[in-house]
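So the chains spell out like this:
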Amino acid sequence: MQTTQISYLCPKHTDWVYNNPQQSLHVMARDEMQGTMLMHNGQYSEAIPYLGCAFDIAVILLEVDGGENSAMANKIMALTSLLEETYFHLKLPHYRHAIVDRASAVINASNTVVNNTASLRFAV
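What comes next concerns the included structure.

Criteria and thresholds
Residues numbered from 1 in each chain as written. Predicted model: local features only at pLDDT ≥ 70, side-chain atom pairs only at ≥ 80, totals over all residues. Heavy atoms only, no water. Helix = DSSP H or I, 4+ residues; strand = E, 2+ residues; numbered from the N terminus. Buried < 20%, exposed > 50% of the residue type's maximum accessible area, 1.4 Å probe, protein only. Contact = heavy atoms within 4.5 Å. Areas by Shrake-Rupley, 256 points an atom, 1.4 Å probe, with all protein chains shown as cover. Salt bridge = Lys/Arg side-chain N within 4 Å of Asp/Glu carboxyl O. Expected span 1.5 Å × (residues − 1). Polar contact = N/O pair within 3.5 Å; in protein donor to acceptor, adjacent residues only side chain to side chain.

The next thing to look at is the overall build of the chain. Within the chain, the regular secondary structure consists of five helices and zero strands. Tracing the chain from N to C terminus, the helices and strands come up as α-α-α-α-α. Counting over 124 residues, the chain shows a buried share of 35%. Within the chain, residue pairs in contact and separated by at least 24 positions form 66% of the contacts whose partners lie at least 6 positions apart. Per element, the accessible surface of the chain, about 7600 Å² overall, is 56% carbon and sulfur.

This is how it looks when you write it as structure tokens:
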């Protein structure tokens with residue numbers, strides 16, 4: 001079975017997030033709010049770009065923080081849940097699985113970084 005790769009930000013906006021992490025927090029919050037409102041109004045297709053961009057921003061910000069920001073990891077899981085529900089309503093199971101797989105990979109990588117960092121701290 002082929003795995004669907006899922007991503008929402010274009011390279012230009014991805015670079016902007018890396019270079020402007022503080023401003024990106026505001027964009028992420030705005031996109032999450034807009035996407036959530038659209039989703040709750042049953043405008044599922046319209047919600048995906050907003051929720052997806054918020055998701056990608058959260059992933060980048062977790063990476064920028066070295067994988068140690070538990071609040072950002074929680075944000076990723078919350079956005080994953082919203083996207084998964086949206087894809088469910090649109091009857092797009094491949095995308096549902098893809099977003100869950102991507103979120104799991106990101107969170108697992110983050111946990112590995114946190115565990116390795118903690119091990120290094122105690123080894124000194």
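Another point: unusual backbone geometry. Even without glycine at this site, lysine 91 takes up a positive phi of about 55°. With respect to the helices, strands and loops of the structure, lysine 91 is situated in the loop between α4 (70-89) and α5 (93-123).

Following the criterion strictly, the structure yields four salt bridges and no others. Salt-bridge contacts for lysine 75 lead to glutamate 32; the nearest nitrogen and oxygen are separated by 2.8 Å. Of this pair, lysine 75 sits in helix α4 while glutamate 32 sits in helix α2 (residues 21-40), and the two are 43 residues apart along the sequence. Its relative accessible area of 25% is what places lysine 75 among the partly exposed residues. Residue arginine 96 is joined to glutamate 84 by a salt bridge in which the shortest nitrogen-to-oxygen separation is 3.4 Å.

Another aspect to go through is the environment of glycine 52. Structurally, glycine 52 is set in helix α3 (residues 44-64). The spacing of glycine 52 and serine 7 is 45 residues in sequence and 7.4 Å in space, taken between C-alpha atoms. If near-sequence neighbours (up to four positions away) are discounted, glycine 52 is found in contact with Tyr8 and Leu83.

The next subject is α4. Across its 20 residues, α4 extends 29 Å between first and last C-alpha, which sits within 8% of the 28 Å expected from 1.5 Å per residue. For α4, the set of buried residues is Met72, Ala73, Ile76, Leu79, Thr80, Leu82, Leu83, Thr86 and Tyr87. Where α4 begins, the side chain of asparagine 69 points an oxygen toward the backbone nitrogen of alanine 71, at a separation of 3.1 Å. Backbone geometry just after α4 places lysine 91 at a positive phi near 55°.

Function cannot be inferred from these measures alone, as they are strictly geometric.
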